[in-house]
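If you want the building blocks of each chain, they are given just below.
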Amino acid sequence: MYSDKVMDHFNNPRNVGEIAGADGVGQVGNPSCGDIMKIFIKVDDNRITDCKFKTFGCGAAIATSSMVTEMVRDKTVEEAMNISNRAVAEALDGLPPVKMHCSNLAADALHAAIEDYRHRSKAEA
Amino acid sequence: MRTESKDVYLDHAATTPVDPAVARASVDCMERGFGNPSSLHAFGRAARHAMQEGREKVAALIGAAFEEIVFTSGGTEADNLALHGAAEARRERGDHLIVSGIEHHAVLETAGELEGRGFRVTRLPVDGDGLVDPEEVRRAITSRTVLISVMLANNEVGTIQEVAAIGRIAREREVLFHSDAVQAAGSIPVDVGRLNVDLLSVSAHKLYGPKGIGALYVRKGVRLEPLLHGGGQERGRRAGTENLPGIVGFGVAAELAVAKREERAARAASLRDRLVAGVLAQIPDARLNGHSTKRLPGNAHFSFLGVEGEAILLNLDLEGIACSSGSACASGTTEPSHVLTAMGLPGEWAGGSVRLTLGEANDAGDVDRALEVLPRVVAKLRRLSPVYPN
């Protein structure tokens, strides 16, 4: 039911972990029912130089989290904001229909991390 | 990436491999006994004879008389026929049904459908082990109650209900009583007389028989409104030309189940106990769900804090081990299973559950392989988890 790319990212997830001193941290999901995705970003000169994740969830949740950390590398903050959940799913050669809604939230977690980064930048300015 | 060791099947509650003797009997029936049991000629008579032999063997499995067996397409149809058939036949006497909250969807969804037709449905709670209190059943009965349905053993956590006690209460109050014994038959003794049931569902493919064949026990004198109308087969209770190869196979599987039940159950229970002890000793923050003693011999159902069931299942599958995940994630919702929720398992535990069910083909080596892989998989997923303290 999962594509080879999903299984590859699920079995060998990229960029797992936390970033000490991250510039932005975003979390989506609900601990009591379903998936939780947490994304950490490092931003340098408006570019995302590092991105790591931790995810509690099914195969699709882990694979989309891993994929988004690869897609975002060296993107500007604005470019990263334009990465959609759908684009993440497409980069994985698609997800089963039932997973499109419940477990395809990695881009949302990334956007939450960017919002957090922007919020912090504003607070510092 | 598959490892070199053999694949290990630990999902016998989902379905069992067909016993070679069963397969031979079914194929032989297709090749040689193709007649229609309703035909009057010699071909039909031979087919009818084979069918009655199958019926007697299935009846013997559950202590019923052969004319009390209605063959169906499986457990789901048996449950549908029991609930629908009994409720509609008794409509003039009442409009209230009682089911447990941890029934199989074949019962719960049918009860929901009957609700849409004007019946009222009481869904009984269970305790933390998944047990229905028979006194709760007594309290739920009203003068309008026409049917109670409580499963003999739960398909997820394997808890065995006090069906005989519930049946006694139902009989005192003259309410029909159905029990879904799909998971139980072949694993524990099932005797319709001792269980005080009026209706009981069984399925062949859970006891080394073929898929597509099941049966509903209908106690003599109990009237059912049929679901399928047509040629009057199964004494008018289930129309349609009978699935003869399935019935013949079911018969052989039932016969084997009677002969081998104790040996199979003892073996499965000893492997299960080895698995449970190993998992709980090796994996921190793990729990066994369901009753510690009133459970099916082959059932082990675990929750692991901080990881999700499907992710465990997929990792085990990559290592050649087949199991089921306890979450309903694969069926398109992110809700934890209705069984675990009814048992009051907190969400952070309910999401991370897997069911390993042992059967005839398993040996100690399979359990040891699971005990080698499962701790590694859970540890790997916990390193990924934002909710498990690493």
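A quick note: this is a predicted structure, and the numbers were derived from the prediction, not measured.

Undergrad: Got a minute to help me understand the overall build of chain B in this structure?
TA: Along chain B, the regular secondary structure elements total twelve helices and 13 strands. For a compact globule of 390 residues, the expected C-alpha radius of gyration is about 21 Å, and chain B comes in at 22 Å, within 12% of that figure. Projected onto its principal axes, the C-alpha coordinates of chain B cover approximately 70 × 50 × 35 Å. Per-residue burial over chain B gives 59% buried out of 390 residues. In chain B, once contacts between residues fewer than 6 apart in sequence are set aside, the share between residues at least 24 apart is 75%. Total accessible area computed for chain B in this model is approximately 15,300 Å², and 52% of it derives from carbon and sulfur atoms. Separation of charge centres in chain B, based on 44 positive and 50 negative side chains, amounts to 3 Å.

Undergrad: Where do I start with the overall build of chain A in this structure?
TA: Looking only at helices and strands, one finds six helices and three strands in chain A. Order of helices (α) and strands (β) in chain A, N terminus to C terminus: α-β-β-β-α-α-α-α-α. Projected onto its principal axes, the C-alpha coordinates of chain A cover approximately 50 × 30 × 20 Å. Within the span of chain A, comprising 125 residues, buried residues form 50% of the whole. The average position of the 14 basic charges and that of the 18 acidic charges among the side chains of chain A differ by 2 Å.

Undergrad: In this structure, what is going on with the sheet that holds strand 7 (residues 199-203) of chain B? I would like to understand it.
TA: To summarise the sheet geometry, strands pair through backbone hydrogen bonds and adopt either a parallel or an antiparallel arrangement. Residue and element names in this part refer to chain B. Across the sheet, seven strands lie side by side as 2-8-7-6-5-3-4; this open sheet has mixed pairing. Pairing within the sheet leaves two strands with one partner each, and these edge strands are strand 2 (69-72) and strand 4 (120-124). In this sheet, adjacent strand axes meet at a mean angle of 20° when their direction is disregarded. As paired strands, strand 3 (residues 96-100) and strand 4 are joined by five bridges and run parallel to one another. Note on strand 4: the bridge partner recorded for isoleucine 98 is threonine 122. Along the sheet, helix 3 (residues 75-89) contacts strand 2, strand 3, strand 5 (145-149), strand 6 (176-180), strand 7 and strand 8 (214-218); its crossing angle with strand 7, the most-contacted strand, is approximately 165°.

Undergrad: Got a minute to help me understand the interface of chain A and chain B in this structure?
TA: How big an interface is tends to be stated in terms of accessible area lost as the parts join. Listed per partner, the contact involves 24 residues of chain A and 23 residues of chain B. Summing the contributions of chain A and of chain B, the shared interface buries around 1,900 Å²; its carbon and sulfur component is 69%. Its largest share of buried area at the contact with chain B, chain A owes to Phe10, Lys54 and Phe56 of chain A, together 28% of the area lost on that side. Our count for the chain A to chain B interface comes out at one salt bridge. Taking the shortest distance from any N to any O, the salt bridge between glutamate 310 of chain B and lysine 99 of chain A comes out at 2.7 Å. Run the count over chain A and chain B and you get six residue pairs in polar contact (both at pLDDT 80 or more). Elements represented by at least two residues in the side of chain A that touches chain B include exactly helix 1 (4-11), strand 2 (36-44), strand 3 (47-56), helix 2 (59-71) and helix 5 (97-102) of chain A. Among the residues forming the side of chain A that touches chain B, the class breakdown is 15 nonpolar, six polar and three charged.

Undergrad: When you look at the packing of helix 1 of chain A against helix 2 of chain A in this model, what are you seeing that I'm missing?
TA: Two numbers describe a pair of packed helices, the interaxial angle and the distance between the axes. Residue and element names in this part refer to chain A. Where helix 1 meets helix 2, the closest approach of the two axes is 8 Å, and the angle between their N-to-C directions is 85°. Comparing their axes, helix 2 and helix 1 come out roughly perpendicular. The segment helix 1 lies against helix 2, with Val6, His9 and Phe10 engaging Gly59, Ile62, Ala63, Ser66, Met67 and Glu70. Counted by class, the contact of helix 1 with helix 2 contains five nonpolar, three polar and one charged residues.

Undergrad: Explain the sheet that holds strand 3 of chain A to me, please; I cannot follow it from the model alone.
TA: Residues and elements named next belong to chain A. One open sheet accounts for three strands, arranged 1-2-3; its pairing is antiparallel. Sheet topology places strand 1 (24-29) and strand 3 at the edges, where each strand pairs with a single neighbour. Going across the sheet, the axis of each strand differs from the next one's by a mean of 15°, ignoring polarity. Of the pairings in the sheet, the one linking strand 2 to strand 3 comprises nine bridges and is antiparallel in character. By the bridge assignment, isoleucine 41 is partnered in strand 3 with cysteine 51. Contacts from helix 6 (residues 106-124) reach strand 1, strand 2 and strand 3, with the element oriented near 140° to strand 1.

Undergrad: Sorry if this is basic, but what is going on with the confidence of the model for chain B here?
TA: Low pLDDT means the predicted atomic positions in that stretch should not be read closely. Mean pLDDT over chain B stands at 95; residues scoring 70 or higher make up 96%. Scored by ipTM, the complex comes to 0.92, with pTM at 0.94.

How each quantity is defined
- Residues numbered from 1 in each chain as written.
- Chains lettered and ligands numbered in written order.
- Predicted model: local features only at pLDDT ≥ 70, side-chain atom pairs only at ≥ 80, totals over all residues.
- Heavy atoms only, no water.
- Helix = DSSP H or I, 4+ residues; strand = E, 2+ residues; numbered from the N terminus.
- Rg over C-alpha atoms; globule rule 2.2 N^0.38 Å.
- Buried < 20%, exposed > 50% of the residue type's maximum accessible area, 1.4 Å probe, protein only.
- Contact = heavy atoms within 4.5 Å.
- Areas by Shrake-Rupley, 256 points an atom, 1.4 Å probe, with all protein chains shown as cover.
- Lys, Arg positive; Asp, Glu negative; His and termini not counted.
- Charge placed at Lys NZ, Arg CZ, Asp CG, Glu CD.
- Pairing = 2+ DSSP bridges.
- Axes fitted to C-alpha atoms, helices over the stretch in contact; angles between N-to-C directions.
- Buried area = accessible area lost by both parts, 1.4 Å probe.
- Salt bridge = Lys/Arg side-chain N within 4 Å of Asp/Glu carboxyl O.
- Polar contact = N/O pair within 3.5 Å; in protein donor to acceptor, adjacent residues only side chain to side chain.
- Nonpolar A, V, L, I, M, F, W, Y, C, P; charged D, E, K, R; others polar.
- Parallel < 35°, antiparallel > 145°, perpendicular 65-115°, else oblique.
- pLDDT = per-residue confidence, 0-100.

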